[in-house]
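Residue-level structure breakdown
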There are 2 protein chains.
Amino acid sequence: MSLTIKLHISNHSNFLAQPKIHQNPTKILPKYIYQTNPLRPIVLNQTKMSSISSQSKRVIKNSLIDPDGGSLIDLVVPENERNLRVSEAESLPKIRLTKIDLEWVHVLSEGWASPLKGFMRENEYLQSLHFNSLRLADGSFVNMSLPIVLAIDDKAKDDIGSSPNVALVAPNGDLVAILRSIEIYKHNKEERIARTWGTTAPGLPYAEEVITPAGNWLIGGELEVLKEIKYNDGLDQYRISPKELRKEFDRREADAVFAFQLRNPVHNGHALLMNDTRQRLLDMGYKNPILLLHPLGGFTKADDVPLDVRMEQHSKVLEDGVLDPETTVVAIFPSPMHYAGPTEVQWHAKARINAGANFYIVGRDPAGMGHPTEKRDLYDPDHGKKVLSMAPGLEKLNILPFRVAAYDTMAKKMSFFDPSRAKDFLFISGTKMRSFARTGENPPDGFMCPGGWKVLVNYYASLQEVESKQPATVSA
Amino acid sequence: MSLTIKLHISNHSNFLAQPKIHQNPTKILPKYIYQTNPLRPIVLNQTKMSSISSQSKRVIKNSLIDPDGGSLIDLVVPENERNLRVSEAESLPKIRLTKIDLEWVHVLSEGWASPLKGFMRENEYLQSLHFNSLRLADGSFVNMSLPIVLAIDDKAKDDIGSSPNVALVAPNGDLVAILRSIEIYKHNKEERIARTWGTTAPGLPYAEEVITPAGNWLIGGELEVLKEIKYNDGLDQYRISPKELRKEFDRREADAVFAFQLRNPVHNGHALLMNDTRQRLLDMGYKNPILLLHPLGGFTKADDVPLDVRMEQHSKVLEDGVLDPETTVVAIFPSPMHYAGPTEVQWHAKARINAGANFYIVGRDPAGMGHPTEKRDLYDPDHGKKVLSMAPGLEKLNILPFRVAAYDTMAKKMSFFDPSRAKDFLFISGTKMRSFARTGENPPDGFMCPGGWKVLVNYYASLQEVESKQPATVSA
């Protein structure tokens, strides 16, 4: 394996599976799936990494789409200033972050939200809430559909007093950042929820988890992150920054990058779509379109499949050859999930521009969910792609709407739906898929690669095991 | 009086009081206040009017701000095509309008919502809801913060069937318009309310009056209005179209037009502000700034002062010389009121661009109201002017934020608030003013001109008279 590592370093292919590895994955199968995961990037030693990082600041190739605002924001304090900033942070009033606040610090620190340089000030918050976009100094717009804000309560506000700067502290007590030239303004939660979700019904996962319990103030300012955000959950290697992704796309000489956002396991319908998209791009004349398979890694609702299981499932999809590792980059998008439909899909697309994607695949009801209190979808399933295609600031991004794939009972595989023989097709919903996996029943042949399916079955089996160990509860 | 009329026609000053008339208003005081109202325009005979209209299509002076989209929309069918269109309308499926739908037909027909050519299609509706703006073919944006939509119910949708065009029928049964190349799409009322008001709390006047009782479908298309919308309430003469207003501003050789939106009586604080604005514009080098005093004339909530009383009150303000008729144009803005704060103030400003205004005065909490279920303002009082100053599509409009005026107990008049002698100032809220008028108590000297105040006192007295005639109700 050390030989393979050297090979990886020499050709910089540190973000993608080498077909060599996964042709015979059993040979190197250790305890943790991620060590066998063909997607696993090789972790370079820190010195090497930082020297590459600092070089790369000056080299962003023209071949990739420009980041929003013209240059990619990087809010991590340079190594040589770190000690100074840590000392300063120790002396400042402190704000304790939640786990999800920290995810946003991560998102901001790496420039996914470029040109944003910190948590939103009121002017940015209002533009995001009302216009889903920010106006730049030159009069142009960048898209910014979700408020990226930090809430504090009355006590924290009092503690800050008149200090112009504050330190941000992770849930584990680590100092993570300084927020400078702060601005504190009112957090009208009802208005924020209504304008972001188009409903104030109780049961919106992000609102219940993040907004309702939060303080009545928002604090904006310029962020200086003391060091790169790590989660130490065995998945940090997949948390690849926009800067690193851009380097990888450049290294591969990608002339088109198409992003696929997901928070669910990949079935063969998705794969068909991604492979078909690649073919369409080749037909359009692109020589080397690269897929960014980009599972969301931040907060998700309780009944979604957890990130580690999804990453394992995705790795099997590549191992099984359903997607081609040569033309695929798998990485984690560190944002929390809002389930805010047409408003959120803009954020999903915008962030991928910053990572170098110039094509974005959008499906039916992106970032949607069932209405929390009514028996219907929260959003019109077509609104996501319509809103996305008209959104200010996303003009330079090519939106690729989904073609509907379904299980073709004649061909015994996932195919694009053909209305002329509608009766041959079987639609397998997420709920249906979950119920298959939960009961251990197999889905139709060709629905998902066997390796990927097994990951899901094991996950649901482990859930049931946990559940069966819980004391029985009797509902009133 | 006939001499005076001729004089008006000859110098086209048909929108404004002649000081000559109101210097001695008692001489010509008839039954209806509007006949003595010095703001009353002279009604030209129809032939004359139409010949002026058709000429003016080609002449819009460069001195005035361009309408949104470059040219002012006029959806009224030309006289010589009217009979043909009426016959066609008679043969089409019919949609019965509400009173407020008809107000929107009026708004659209005269181009207040330029470049909109009819009730919004879904693409326009979604852009309005999510971005408060519409993208034009050239990539530029115009502001469009309120959905201007027509709702129909299931039965109306069934009745339309596959007809590409429908006829719109006024509440009184008159055919008013044809809607062409229609598009019917879902009316998600909850989402519309949440995104427009930032709340879904029960008790929003427009939502309760218009949206909640409306059908589950919206119908968009191009509008052809069979003839100018008239209300026959004695106030039609003040309903001056953007085209006519532009002509009047041109006639007066206005080099700046500053609009003041209001739905309340004018007190001397407002007058101070408007007069001060004019002075500021003169100081800026403008030679002839004209004030567009522009009361909203469509739907308002039950406890607002009704339009006819407000118009009478405004006329007294000019009669009493508080505002200068020579530099003031008073007209009715035909839009219904949403009470949607920062979202609505954009509409109020945008519509005035179309009428030729290049300056817009914005106050504290524009289009705001108390939260319907909580003891607080629905909107942050500063958000209106902040949102307005950043709104896409309003770049060409100069936003003039209010200075706060209050009653100066030393000077015994309304003055700009001076924090250095705060204790000398008395803030008289709308509620306080109403309670004065209701009880017949006089406000402090100099708060409002005596003539204007008397109008309010009489109105509230008449209300109490009506109330006292109602049978007493006992609350449970």
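Here is a short report on the structure shown in this document.

Rules of the game
- Each chain carries its own residue numbering, running from 1 in the written order of its sequence.
- Chain letters start at A and ligand numbers start at 1, both assigned in the order the entries are written.
- The predicted nature of this model means local features are confined to residues of pLDDT at least 70 and side-chain atom pairs, given and counted, to a pLDDT of 80 or more, with totals for whole chains, interfaces and linings taken over all residues.
- Processing note: side-chain calculations cover all non-hydrogen atoms of the structure and skip hydrogens and water entirely.
- In this description a helix means any DSSP run of H or I spanning at least four residues, a strand means any run of E spanning at least two, and both kinds are numbered starting from the N terminus.
- Buried means the residue's accessible area, taken with a 1.4 Å probe over protein chains only, is under 20% of the maximum for its type, while exposed means over 50%, and partly exposed covers the values in between.
- Whether two residues are in contact is decided by their heavy atoms: any pair within 4.5 Å suffices.
- Per-residue and other accessible areas were derived by the Shrake-Rupley procedure at a 1.4 Å probe size, with only the shown protein chains allowed to occlude residues.
- At least two DSSP bridges between two strands are required for those strands to pair.
- Helix axes are fitted only over the stretch in contact, all axes being lines through C-alpha atoms; the angle between N-to-C directions runs from 0 to 180 degrees.
- Least-squares superposition of the copies uses the C-alpha atoms of those residues scoring a pLDDT of at least 70 in each of them.
- Joining two parts hides part of their accessible area as seen by a 1.4 Å probe, and the buried area is that hidden amount summed over both.
- Definition used for salt bridges: Asp or Glu carboxyl oxygen within 4 Å of a side-chain nitrogen of Lys or Arg.
- Pairs of N or O atoms are called polar contacts if they sit within 3.5 Å, as long as, within protein, a hydrogen donor faces a hydrogen acceptor (for residues adjacent in sequence, only side-chain-to-side-chain pairs).
- Multiplying one less than the number of residues by 1.5 Å gives the expected span of a helix.
- Pairs were defined over the aromatic rings of Phe, Tyr and Trp, the Trp ring being its six-membered one, requiring ring centres within 6.5 Å. Orientation was assigned from the angle between planes: stacked under 30 degrees, edge-to-face over 60, tilted for the rest.
- An angle below 35 degrees is read as roughly parallel, one above 145 as roughly antiparallel, one from 65 to 115 as roughly perpendicular, and any other as oblique.
- Crossing handedness is read from the near helix: turned anticlockwise from the far helix by less than a right angle, it gives a left-handed crossing, and turned clockwise, a right-handed one.
- Three classes are used: nonpolar for Ala, Val, Leu, Ile, Met, Phe, Trp, Tyr, Cys and Pro, charged for Asp, Glu, Lys and Arg, and polar for all others, with Gly counted as polar.
- In this text, buried Ala, Val, Leu, Ile, Met, Phe, Trp, Tyr and Cys residues form a nonpolar core when linked through side-chain atoms within 4.5 Å.

1. Structural notes on the overall build of chain A
Check the secondary structure of chain A and you find 17 helices and 15 strands. The buried share of chain A, reckoned over its 476 residues, is 57%. By sequence separation, contacts in chain A at least 24 residues apart represent 75% of the contacts at least 6 residues apart. As displayed, chain A has an accessible area near 20500 Å², and 51% of this comes from carbon and sulfur atoms.

2. Let's talk about the sheet that holds strand β12 (residues 398-401) of chain B
All names here are of chain B. Pairing is parallel in the open sheet, where five strands are placed in the order β10-β9-β8-β11-β12. Single-partner strands in this sheet number two, and they are β10 (328-330) and β12. Recorded for the sheet is a direction-independent mean angle of 25 degrees between the axes of neighbouring strands. Taken strand by strand, helix α14 (residues 341-354) contacts β8 (256-262), β9 (289-295) and β11 (359-362), and its axis lies near 155 degrees from that of β11.

3. Notes on the relation of the copies chain B and chain A
Mapping chain B onto chain A leaves a residual RMSD of 0.0 Å; the transformation is a rotation of 180 degrees accompanied by 0.0 Å of translation along its axis. A rotation of that kind, with that shift, is consistent with a two-fold axis. Interface overlap between copies: 100% of the residues of chain B at the interface are likewise at the interface in chain A, consistent with a symmetric, same-surface contact.

4. Section: the interface of chain B and chain A
Listed per partner, the contact involves 37 residues of chain B and 37 residues of chain A. By the criterion of area lost to chain A, the three top residues of chain B are F131, R195 and M390 of chain B, representing 22% of everything that side buries. For the pair chain B and chain A, the number of links is eight salt bridges. Put simply, D380 of chain B and K186 of chain A hold a salt bridge, and the shortest N to O gap is 3.4 Å. Joining chain B to chain A, the criterion identifies 25 residue pairs in polar contact (both at pLDDT 80 or more).

5. A short note on helix α17 (residues 450-469) of chain A
With 20 residues, α17 of chain A should cover 28 Å at 1.5 Å per step; its first-to-last C-alpha distance of 29 Å lies within 8% of that length. For α17 of chain A, the elements touching its buried residues are α13 (307-319) and α16 (430-439) of chain A.

6. With respect to the packing of aromatic side chains
Enumeration over the complete set of coordinates arrives at 25 aromatic pairs over all chains. Between the aromatic rings of F260 of chain B and F402 of chain B, the centroid separation amounts to 6.2 Å while the plane-to-plane angle is 25 degrees, which identifies the pairing as stacked. Highlighted residues: F260 of chain B in strand β8 and F402 of chain B in the loop between β12 and β13 (405-408), separated in sequence by 142 residues. Residue class for F402 of chain B comes out partly exposed when judged on its relative accessible area of 30%. Through successive ring pairs, a cluster of aromatic residues spans W104, W112, F333 and W347 of chain A.

7. Description of the packing of α13 of chain A against α17 of chain A
Residues and elements named next belong to chain A. Viewed as axis vectors pointing N to C, α13 and α17 meet at an angle of 160 degrees, and their least axial separation amounts to 7 Å. Here α13 is positioned roughly antiparallel relative to α17, judged by the angle of their axes. In terms of crossing hand, the pair formed by α13 and α17 is right-handed. Between α13 and α17, the contacting residues are V309, E312, Q313 and K316 on the first element and G451, G452, V455, L456 and Y459 on the second. The class makeup of the residues in the contact of α13 with α17 is four nonpolar, three polar and two charged.

8. Some thoughts on the sheet that holds strand β6 (residues 175-186) of chain B
Residues and elements named next belong to chain B. With mixed pairing, the five strands of this open sheet are ordered in space as β1-β5-β6-β7-β4. The outermost strands of the open sheet, each flanked by one partner alone, are β1 (94-96) and β4 (151-152). Note: β1 against strand β5 (residues 166-169), three bridges, orientation parallel. Bridge pairing links K94 to A167 in β5. In the packing of helix α5 (residues 82-91) onto the sheet, the strands contacted are β1, β5, β6 and β7 (217-225), and the crossing angle to β6 comes to about 50 degrees.

9. Brief notes about the pairing of strand β14 (residues 413-416) of chain B
Residues and elements named next belong to chain B. Where β13 lies against β14, four bridges are found, and the strand directions are antiparallel. The partner of Y407 across the bridge, within β14, is M414. Counting the residues that bridge the hairpin from β13 to β14 gives four residues, and of these K412 lies at a positive phi of roughly 55 degrees.

10. Here we look at the nonpolar core
Ranked by internal contacts, the top residues of the largest apolar core, which has 174 residues, are L168 of chain A together with L168 of chain B. Ignoring sequence-local partners within four residues, the contact set of L168 of chain B consists of I95, L97, V105, F119, L150, D174, L175, V176, A177, L179 and L223 of chain B.

11. Side note on helix α9 (residues 189-197) of chain B
For an α-helix the count is 3.6 residues per turn, leaving residues at separations of three or four pointing the same way. Counted residue by residue, α9 of chain B has eight buried out of nine residues, so it is predominantly covered. For α9 of chain B, every residue scored as buried is listed here: K189, E191, R192, I193, A194, R195, T196 and W197 of chain B. Those residues of α9 of chain B that are buried lie in contact with α9 (189-197), α14 (341-354) and α15 (383-390) of chain A together with α7 (122-131), α10 (205-211) and α14 of chain B. The opening residue of α9 of chain B is N188 of chain B, an N-cap whose side-chain oxygen sits 3.3 Å from the backbone nitrogen of E190 of chain B. Immediately downstream of α9 of chain B, the backbone of G198 of chain B shows phi near 70 degrees, a positive value.

12. Overview of the environment of G356 of chain A
Residue and element names in this part refer to chain A. Along the chain, G356 falls in the loop between α14 and β11 (359-362). Put simply, G356 and L168 are 188 residues apart on the chain and 29 Å apart in space, counted from C-alpha to C-alpha. Leaving out residues up to four positions away in the same chain, G356 has contacts with L64, I65, R246 and V257.

13. Some details on the environment of L394 of chain B
Residue and element names in this part refer to chain B. Relative to the elements of secondary structure, L394 occurs in the loop between α15 (383-390) and β12. Judged by relative accessible area, which is 4%, L394 ranks as buried. Separated by 252 residues in sequence, L394 and V142 place their C-alpha atoms 7.2 Å apart. If near-sequence neighbours (up to four positions away) are discounted, L394 is found in contact with N143, Q346, A349, K350, I353 and L388.

14. Looking at the pattern of salt bridges
It is possible for side chains of opposite charge to pair when their charged atoms get near one another. All names here are of chain B. Applying the stated rule across the entire model yields 68 salt bridges over all chains. The partner of E103 in a salt bridge is K99, with the nearest N and O atoms 3.8 Å apart. Of this pair, E103 and K99 both sit in helix α6 (residues 99-109), four residues apart, which is roughly one turn of that helix. Here R434 makes a salt bridge to D303, at a shortest N to O gap of 4.0 Å. One end of the pair, R434, is in helix α16 (residues 430-439); the other, D303, is in the loop between β9 and α13 (307-319), with 131 residues separating them in the sequence.

15. Some points on the environment of V76 of chain A
Residue and element names in this part refer to chain A. Its place among the elements puts V76 in the loop between α4 (46-56) and α5 (82-90). Take V76: its relative accessible area is 16%, and that puts it in the buried class. For V76 and E228, which are 152 residues apart along the polypeptide, the C-alpha to C-alpha distance reads 6.4 Å. Not counting residues within four places of it along the chain, the set of residues in contact with V76 comprises R82, S109, V225, K227 and E228.

Purely geometric numbers; function is a separate question.
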